[in-house]
Amino acid sequence: MSQDAGQGARWDVRVATVDELDPRSAYEAWRLRQDVFVVEQECAYPDLDGRDLEPGTRHVVLADSHDGGRVVATARVLDDGDVQRVGRVVCHPDVRGTGASGVLMRASLDAAASSAPEQDVVLGAQTPLVGWYGSFGFEPDGAGYLEDGIPHTPMRLRR
């Protein structure tokens, strides 16, 4: 599926299980997570935690069709049984502020709804992004916490 989002950029959105991802897209998505979370944000943690491989996990991959299909954003949607969980939401620095993150989040919410339309969707927002997630209907849902030294706020989108 292709979508336009600001500044004439064209994004190709793919939602797939790990087995449906082509090797290049999987590599670029996980490299992007590493580059941003581990290197840029200086959080040494095991990004490859086994959840990417779960049968209910959907990977949302945003590729730039004007740049050879390069993966520029990704998120994953997990089936946590009673809720859908959006996580590992990340955009490449050179597409921040272009609308790509909104396209990514809408596709992630669509993926959650297509799997379990009546389940709430939860996430752990980096606290400075609470307002941005709120624009998608999420509300704070509990006490804030530190994860890898970064303040986070649990949030929930009620269905």
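See the structure above.
1. Things to note about the overall build of the protein
Helix and strand counts for the protein stand at three helices and nine strands. Structurally, the protein occupies a C-alpha span of about 40 × 35 × 30 Å along its principal axes. Looking at the protein as a whole, 43% of its 159 residues are labelled buried. Summarising the internal contacts of the protein: among those between residues at least 6 apart in sequence, 58% fall at separations of at least 24. Of the roughly 8,000 Å² of accessible surface on the protein, 51% is carried by carbon and sulfur atoms. The centroid of the 16 positive side-chain charges in the protein is displaced by 1 Å from the centroid of its 26 negative side-chain charges.

2. Some details on the side chain of Gln 119
Among the secondary structure elements, Gln 119 is positioned in the loop between helix H2 (100-115) and strand E6 (121-126). Under the relative-accessibility criterion, Gln 119 is labelled buried at 19%. Within polar-contact distance, the side chain of Gln 119 engages the side chain of Gln 84 at 2.9 Å. The residues touching Gln 119, leaving out its near neighbours within four places in the chain, are Gly 81, Asp 82, Val 83, Gln 84 and Arg 159.

3. What about the nonpolar core?
With 28 residues, the main nonpolar core has Leu 62 and Phe 138 as its most contacted residues. Aside from chain neighbours lying at most four places away, what touches Leu 62 is Trp 11, Asp 12, Val 13, Arg 70, Val 71, Val 72, Ala 73, Ala 100 and Val 103. Counting residues in hydrophobic clusters, the runner-up holds six residues, among them Ala 16, Ala 26, Val 61 and Val 71.

Rules used throughout
- Residues numbered from 1 in each chain as written.
- Predicted model: local features only at pLDDT ≥ 70, side-chain atom pairs only at ≥ 80, totals over all residues.
- Heavy atoms only, no water.
- Helix = DSSP H or I, 4+ residues; strand = E, 2+ residues; numbered from the N terminus.
- Buried < 20%, exposed > 50% of the residue type's maximum accessible area, 1.4 Å probe, protein only.
- Contact = heavy atoms within 4.5 Å.
- Areas by Shrake-Rupley, 256 points an atom, 1.4 Å probe, with all protein chains shown as cover.
- Lys, Arg positive; Asp, Glu negative; His and termini not counted.
- Charge placed at Lys NZ, Arg CZ, Asp CG, Glu CD.
- Polar contact = N/O pair within 3.5 Å; in protein donor to acceptor, adjacent residues only side chain to side chain.
- Core = buried A, V, L, I, M, F, W, Y, C linked by side-chain atoms within 4.5 Å.

Structural measurements only, silent on function.
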